[in-house]
Amino acid sequence: MSPLKRASVTKTSDRHPVDEVLPASQLFLYGLQHLLIMYAGCVAVPLVLGAALQLDTHTVAIIVNADLLVAGVATIIQSVGLTRFFGIRMPVVAGASFTFLTPMLLIGGEYGLPTMYGSMIAAGVFGMLLARPFSLILKYFPTMVTGCVITIIGLSLISVGADLVIGDDPEAADYASTRHILLAFAIIGVIVLVNRVFRGFVKNVSVLVGLAFGAVTAWFMGLTDFSSVGDVGWVGFSTPLHFGAPEFKLVPIIAMCVAMIVVFSEMTACVLAIGEAVGKEVTDRDMARGLATDGLAAFLAGFMNSVPDSTFGQNVGLISLTRVKSRYVITVTGVLLVLLGAIPKMGELVASLPGPVIGGAGLVMFAMTAAVGIQMLQKVDYDGNNNLLIVAVSLGIGMLPVAVPTIYQNFHHDAQFILGSAITATVLVAFVLNLLFNHLMAPKGTSEPTPVEAVRTGPPPDGGAEGTEPAGPASGAPQTSGTAGEGSD
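Residues numbered from 1 in each chain as written. Predicted model: local features only at pLDDT ≥ 70, side-chain atom pairs only at ≥ 80, totals over all residues. Heavy atoms only, no water.

Peer 1: Is there a simple way to think about the overall build of the chain in this case?
Peer 2: The helix and strand tally for the chain stands at 18 helices and two strands. Taking all 489 residues of the chain together, the buried fraction comes to 59%. Taking the contacts inside the chain whose residues are at least 6 apart along the sequence as the reference set, 83% of them involve residues at least 24 apart. A total of about 18,500 Å² of accessible surface is found on the chain, and carbon and sulfur atoms cover 64% of it. (Helix = DSSP H or I, 4+ residues; strand = E, 2+ residues; numbered from the N terminus. Buried < 20%, exposed > 50% of the residue type's maximum accessible area, 1.4 Å probe, protein only. Contact = heavy atoms within 4.5 Å. Areas by Shrake-Rupley, 256 points an atom, 1.4 Å probe, with all protein chains shown as cover.)

Peer 1: Hey, could you run me through the environment of Gly355 in this one?
Peer 2: For Gly355, the location among the structural elements is in helix α14 (residues 355-377). Residue classification places Gly355 among the partly exposed positions, given a relative accessible area of 22%. For the pair formed by Gly355 and Val165, sequence separation is 190 residues and the distance between their alpha carbons is 5.6 Å. The contacts of Gly355, once residues within four sequence positions are left out, are Leu164 and Val165.

Peer 1: Looking at this structure, I do not really get helix α10 (residues 284-304). What am I missing?
Peer 2: Since one α-helical turn is 3.6 residues long, residues separated by three or four positions face the same way. Given a rise of 1.5 Å per residue, 21 residues ought to cover 30 Å, and the 30 Å separating the end C-alpha atoms of α10 matches this to within 8%. Of the residues trailing α10, Asn305 is marked for its positive phi of about 65 degrees. (Expected span 1.5 Å × (residues − 1).)

Peer 1: I'm lost on the packing of aromatic side chains in this one. Help?
Peer 2: Two numbers describe a pair of aromatic rings. These are the distance of the centres and the angle of the planes. A full pass over the atoms with the stated rule returns nine aromatic pairs. Aromatic side chains Phe98 and Phe366 sit 5.2 Å apart centroid to centroid with 85 degrees between the ring planes, which places their arrangement in the edge-to-face category. Placement of the pair is Phe98 in the loop between β1 (94-96) and α3 (101-110) and Phe366 in helix α14, with a sequence separation of 268 residues. Like Phe366, Phe98 is buried. With centroids separated by 5.5 Å and ring planes inclined at 80 degrees, the aromatic side chains of Phe134 and Phe264 adopt a geometry described as edge-to-face. Here Phe134 is found in the loop between α4 (113-130) and α5 (143-166), whereas its partner Phe264 is found in helix α9 (residues 250-278), with 130 residues between them in sequence. Following the ring pairs from residue to residue traces out a cluster consisting of Phe134, Phe141, Phe264 and Phe431. It is Lys345 that lies over the ring of Trp234; its NZ or CZ is 5.4 Å from the centre. (Phe/Tyr/Trp six-rings, centres within 6.5 Å; stacked < 30°, edge-to-face > 60°. Lys NZ or Arg CZ within 6 Å of the ring centre and 35° of its normal.)

Peer 1: Where do I start with the pattern of salt bridges in this structure?
Peer 2: One side chain can pair with another of opposite charge once the charged atoms of both are near each other. Here the structure, examined in full by the defined rule, presents two salt bridges. Notably, a salt bridge pairs Asp19 with Arg327, separated by 2.8 Å at the nearest N-O pair. Here Asp19, found in the segment before α1 (24-52), pairs with Arg327, found in helix α12 (residues 327-341); they are 308 residues apart in sequence, far enough to count as distant. Under the relative-accessibility criterion, Arg327 is labelled buried at 10%. (Salt bridge = Lys/Arg side-chain N within 4 Å of Asp/Glu carboxyl O.)

Peer 1: I'm lost on the packing of α5 against helix α15 (residues 387-403) in this one. Help?
Peer 2: How two helices pack is summed up by the angle between their axes together with the distance between the axes. Where α5 meets α15, the axes come as close as 10 Å, and the angle between the chain directions of the two elements is 25 degrees. Between α5 and α15, the interaxial angle falls into the category roughly parallel. Judged by the sense of rotation from one axis to the other, the crossing of α5 with α15 is right-handed. Where α5 approaches α15, its residues Met144, Cys148, Thr151, Ile152, Leu155 and Ser156 are matched on the opposing element by Asn387, Ile390, Val391, Ser394, Leu395, Gly398, Met399 and Val402. Partitioning the contact of α5 with α15 into residue classes produces nine nonpolar, five polar and no charged. (Axes fitted to C-alpha atoms, helices over the stretch in contact; angles between N-to-C directions. Parallel < 35°, antiparallel > 145°, perpendicular 65-115°, else oblique. Left-handed = near helix turned anticlockwise from the far one by under 90°. Nonpolar A, V, L, I, M, F, W, Y, C, P; charged D, E, K, R; others polar.)

Peer 1: Explanation requested: helix α13 (residues 344-351) in the structure shown.
Peer 2: When you tally the buried positions in α13, you get six out of eight residues, the bulk of the element. Taken as a whole, α13 has its buried residues at Pro344, Lys345, Gly347, Glu348, Val350 and Ala351. Buried-residue contacts for α13 involve α1 and α2 (57-80).

Here you go:
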C-alpha cells in the first residue's frame, strides 16, 4: 500500500468534519484567524524580493497585491476543488514560499523580471505534469535531503535579511546605521517576547505583531514614507504580464523547477500532517491534485506578477489548536485573500515598510527556517551508513556561494548560475549522494524515511496533534515553537 494511504479516518456521521459547512459567523471568524496566521509570511516574500532587487515601492506593491490574489485563488481551489485535476479538497492554505525566493533573486538580478516570470510559468507547467508521478519518486527525497535543503534555504537568506537592515550601498551615509540595526533588534525582541509571554493565537501571529511594532516605531523615527499610498485607488487588480512578455531561458527554468521539486516534498509532508490532524485519508490521487494546484499557482503567478505559492505549514497548528476541520473555513480565508489583493492601497502601505523593518522580521523567519531544517536532520539515522557525510558535503557545497559569492566567477555563465544557487547546489548534491549511497549501493532492507514517514514518527508538538512535525517550513513565517504544531512557519 502506498505511504499516502495510511492515514486513518475517524467517521462519526455520514459527512466528514472536513466537509462540514459551519454557520456563516463561524466560517468568517475562523477563516480570518487563518488569514492572520499566514499574512506576515505571505507578504514577506514579495517584500524581500522587491527590496533585494531594488524595485520601487509601487512595483513592490503590485507584487504584494498580486501574491495575495494568487494565494487566495490557490487556497480556494485547494479547499473547494477544480475539476478532477486540481484541489485536494482539504483545509489547505496556500501562500508565498521562501523556497522560491533564492532562485527568484538570482534570476531577477541576473536576467530581469520577464525571465523570472517566464521561469515561473515553465516551472508551473512542470509542476502540473510532475504532480501525479511525484509519489513514485518520493523515496528519493527523504528527510535527509529535505532537511539539508530547508537548512540551506534559511542560512542562505540570512545575508539577504542583513542587507535589508544595513543597506546595500557601503558609500551611503546611512549604511549600517546604528539606529537601523537597533530597530531590527527591537523587532526581533518583540517577536521573542510575544512568543515567551503568549500562547495560542497571539503567539502564532508574533511576526505580524513584530512588523506592526516596527512600522509604528519606524514612523516615529522618520524612516517611513507613506505618501505613495494616497496616489493609488482603493479597488483594482494588476494587469497580467505587467512587466512585459515572459522570457524563457533554459538555466533559469531548471533552477525554478528544482525549487518546485523541493516544494512538492515539503507539501507532501504538510498535507499528510493535515490528513492526520483532521482524521481523513489522503490518497495518491488527492495528493496529486494538491501538488498540481501548487504547479497551477506558480503558472498563474508568472502571468499575474506574483510569486509562487505553496501550502503553509503553520496553519496545520491552528487546525490542531482549534479542532475546526472544515475545509470551507479555508475557502473563506481564500476569499479574504482575494479581497485584500483587490485593494491597491493595502499593497502600497505594506510595500512602504522600510528595509530595517522587513529585515528584522525576515531574520527571524529565515533563521527559524534553518532551525526547522536542523530539527528535521535530527531524525536521520547516522549509524553504520554514510548519511553524516552526505549531510556534511551537501551543506558545505551549498554554503560556498553564500560564504564566497565570487567563488564560481571563472566558470561558464550557466554553471555559475546553477552552482551559485545555494538551494540548487544542495538539492543536486544531496539527491545524487543519497541515490548513490542509500539506493544504488545500499544493502537490501535499508533506506531513509521519506518526508511523509518523518512527519508521522516525529514527537508530537507542544499543544498540537501528533504528526504535525515540520511541514513546509519554508512557506511562510517561522515556527516559533520549533515545530509545525504551534507558532508560525
